[in-house]
Amino acid sequence: LLADPGADASLCGMAATGASGTNAVRYGTMRPNVLNLRVVLPDGRLLHTAGPGRQPRSGYDLTSLFVGSEGTLGFLTQATLRLHPLPEATAVTIASFP
């Protein structure tokens, strides 16, 4: 996951607020990791920011416009995210100082 969400966090809620956390150093914030959104506009129309099931080829980057808008432009109902593989190994080091 991209951030350290609370117990009640949802992916669309994290995208709407542009959430980030301690893992943003490794994976980046929500904006570059959201590929497509399904948004209900204020007039009730349904919008796929990158088209249903595909990424944008040209034109305006509507996905980045809606990420972090906190619901002022529309209600996010579905998000397509970039997934990152788990690391092959992890290591922890503890250093003590006087």
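Residues numbered from 1 in each chain as written. Predicted model: local features only at pLDDT ≥ 70, side-chain atom pairs only at ≥ 80, totals over all residues. Heavy atoms only, no water.

The protein is annotated in an unreviewed UniProt entry as LDHD protein from Nesospiza acunhae. For the protein, the Cofactor (unreviewed entry) comment in UniProt is given as "FAD". Quoted verbatim from the Sequence similarities (unreviewed entry) heading of the UniProt record, the comment on the protein is "Belongs to the FAD-binding oxidoreductase/transferase type 4 family." (UniProt positions renumbered as here; feature names shortened; annotations may be inferred.)

Colleague: For this particular structure, what's the right way to read the overall build of the protein?
Modeller: Each helix and strand in the protein was counted, giving four helices and three strands. Going residue by residue from the N terminus, the α and β elements of the protein occur as α-α-α-β-β-α-β. Every one of the 98 residues in the protein was classed for burial, and the buried ones make up 27%. Within the protein, counting contacts between residues at least 6 apart in sequence, those at least 24 apart form 56% of the total. Summing over all exposed atoms, the protein offers an accessible surface of approximately 7100 Å²; the carbon and sulfur share of this is 56%. (Helix = DSSP H or I, 4+ residues; strand = E, 2+ residues; numbered from the N terminus. Buried < 20%, exposed > 50% of the residue type's maximum accessible area, 1.4 Å probe, protein only. Contact = heavy atoms within 4.5 Å. Areas by Shrake-Rupley, 256 points an atom, 1.4 Å probe, with all protein chains shown as cover.)

Colleague: Teacher, can you tell me more about the sheet that holds strand E2 (residues 46–48) here?
Modeller: Sheet strands line up and pair through hydrogen bonds in the backbone, either parallel or antiparallel. Spatial ordering of the open sheet is given by E2-E1-E3, a layout of three strands whose pairing is antiparallel. Two strands lie at the open edges of the sheet, namely E2 and strand E3 (75–81), each paired on one side alone. Neighbour-to-neighbour, the strand axes of the sheet open up by a mean angle of 15 degrees, direction not taken into account. Relative to E2, strand E1 (residues 34–40) runs antiparallel, the two sharing three bridges. Paired with Val40 across the bridge in E2 is Leu46. (Pairing = 2+ DSSP bridges. Axes fitted to C-alpha atoms, helices over the stretch in contact; angles between N-to-C directions.)

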